[in-house]
Amino acid sequence: MNQTSLLNADDVRPNTTDVDSSSVAGVISTVIPAVFVRYTWTEFASVHAPLSIQVDRYLTPIIYIIGLTGNLLALIVWMEKRMRQNNSSAIYLVALSCSDFVFLVLHIVIELRYAWGIRTLSYPVVCELYFLVYLAPQYLSPILVLGFTVERYISICHPFRREKFCTTKRATKVVAALAFGSLLLSSVQGYFWTYNPAKKTCDMRPTVAEGGQASIKSIWNLVTELLIFIFVPLFVLFFNILVIKEIHHITKTTRALDPGHHHKGAASTIMLLTVSFYLIITVLPATVVYLLETTISEGNHNMTDDQIRNDPSWQSYIFYITSRKIVEEFALSHYACNIFLYLATGPQFRKAVVDNFKSVWNSRKSSLATYSEVQTRHTNITKV
């Protein structure tokens, strides 16, 4: 689900197809510039894959609004002392809200470049520094979900080890280690990308892109994609299945012994399971689609627009990038929509949100009442 591949596509697009050897294509190549010479990537998508651009321009801003406000609200709520007290999972959820918020802010930069054609990264240092940090929160979010999933597994399936492994102090240390590891993985991208002063663009270093699918860049991206966006969600799924099986066993046994008993922490377990399953259904499809890119090739770069519209290779590629954009948009919702999952499945979270809104409302009413009283006194003094 690496979202850097479309960035600056017009600047680093490989020439995957040589000039057609036929006489017609030969004439065309001498008259008409190659497709990515006459078009930037944004212009090409606008002409030949307009749905992908429309999704970016009209749907992505909605996800930003939901995600930025939702993650900020979640961060405020999970950071409250009453939510964090004796609740190590809240530490992971604080970090998750913060990580998702930062990722969406950084993602805006790429969105401006890809959807609107604004050269946001074409500056020295900015280019390298951006890619050094951009993927860190993208990596961190799935790993944090795995973190609290493993913790919930220990809490449910190995309750006697809970006091040792499921503490806020340990959770804080684990989150710090995961954040550092994610930044370390992401920092390699800071070397892969560099500012090109000749073209005044942010480009992939030629040395890391040499060799096509066998290049350093391709191998590294493949390994990290498989690790973070395939194996991590699969591990999350594995531990979730174990937790669900254990909960079913505990519920069945408890009901036989005490029909009126309710498992302590059941609500928070359901909420965490919901968040982790949402990660799985959003991340896995996007990663599979990303990995399919190696099987899809562009058509002849020296074709006219009419020829591109009728060329099977180009049409397959255009269908792929449009489908990929829709799937990636669904994956992006993972970084924005956790707030709805918290509200739907977390009664404690809902209560905290309501209490916060009530507090703000009462404070506002009190301020208005005080202001009105001061105005009344001032009017009476003026009359005297």
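Residues numbered from 1 in each chain as written. Predicted model: local features only at pLDDT ≥ 70, side-chain atom pairs only at ≥ 80, totals over all residues. Heavy atoms only, no water.

**Q** What's the story with the side chain of Thr269 in this structure? I'm lost.
**A** In this fold, Thr269 is placed in helix H13 (residues 266-291). According to the relative accessible area criterion, Thr269 is buried, its value standing at 2%. In terms of polar contacts, Thr269 uses its side chain to reach the side chain of Arg152, at 3.1 Å. Setting aside its immediate chain neighbours within four residues, Thr269 contacts Arg152, Ile156, Val243 and Ile247. (Helix = DSSP H or I, 4+ residues; strand = E, 2+ residues; numbered from the N terminus. Buried < 20%, exposed > 50% of the residue type's maximum accessible area, 1.4 Å probe, protein only. Polar contact = N/O pair within 3.5 Å; in protein donor to acceptor, adjacent residues only side chain to side chain. Contact = heavy atoms within 4.5 Å.)

**Q** Sorry, what's going on with the state of the cysteines here?
**A** In protein structure, a disulfide is the covalent linkage between the sulfur atoms of two cysteines. Within the structure shown, the criterion is met by one disulfide. Across a sulfur-sulfur distance of 1.9 Å, Cys127 and Cys202 are joined as a disulfide pair. An S-S torsion of about 70° defines the bridge between Cys127 and Cys202 as right-handed. One end of the pair, Cys127, is in helix H8 (residues 126-157); the other, Cys202, is in strand S2 (residues 201-204), and 75 residues separate them in sequence. (Disulfide = S-S within 2.5 Å.)

**Q** Help me understand the nonpolar core, please; the structure alone is not making it clear to me.
**A** The tendency in soluble globular proteins is for nonpolar side chains to be buried side by side. Trp78, Leu93, Leu96, Phe148, Tyr342 and Phe349 are the most contacted members of the largest nonpolar core, which has 70 residues in total. Per-element accounting of this core gives the leading share, 16 residues, to H8. Ignoring anything within four residues of it in the chain, the contact list for Phe148 reads Tyr92, Leu93, Leu96, Leu272 and Val275. Membership of the second largest hydrophobic core comes to 15 residues, among which are Ala49, Tyr317, Tyr320 and Ile321. (Core = buried A, V, L, I, M, F, W, Y, C linked by side-chain atoms within 4.5 Å.)

**Q** Whenever I open this one, helix H7 (residues 88-116) confuses me. Can you help?
**A** The periodicity of an α-helix, 3.6 residues per turn, causes residues three or four places apart in sequence to face the same way. With 29 residues, H7 ought to run about 42 Å at 1.5 Å a step, and its terminal C-alpha atoms sit 42 Å apart, in line with that. Residue Ile110 marks the point of greatest curvature in H7, where the axis turns by about 30°. The buried fraction of H7 is high, at 21 of 29 residues. Two residues or fewer after H7 comes Gly117, characterised by a positive phi angle close to 75°. (Expected span 1.5 Å × (residues − 1). Bend = angle between axes of the 7 residues up to and from the residue.)

**Q** Hey, could you run me through the environment of Ile118 in this one?
**A** By the element assignment, Ile118 lies in the loop between H7 and H8. Assessed through its relative accessible area of 42%, Ile118 is described here as partly exposed. Sequence-wise, Ile118 and Thr42 are 76 residues apart; in three dimensions their C-alpha atoms are separated by 9.5 Å. Excluding residues that lie within four positions of it along the chain, Ile118 makes contacts with Leu112 and Arg113.

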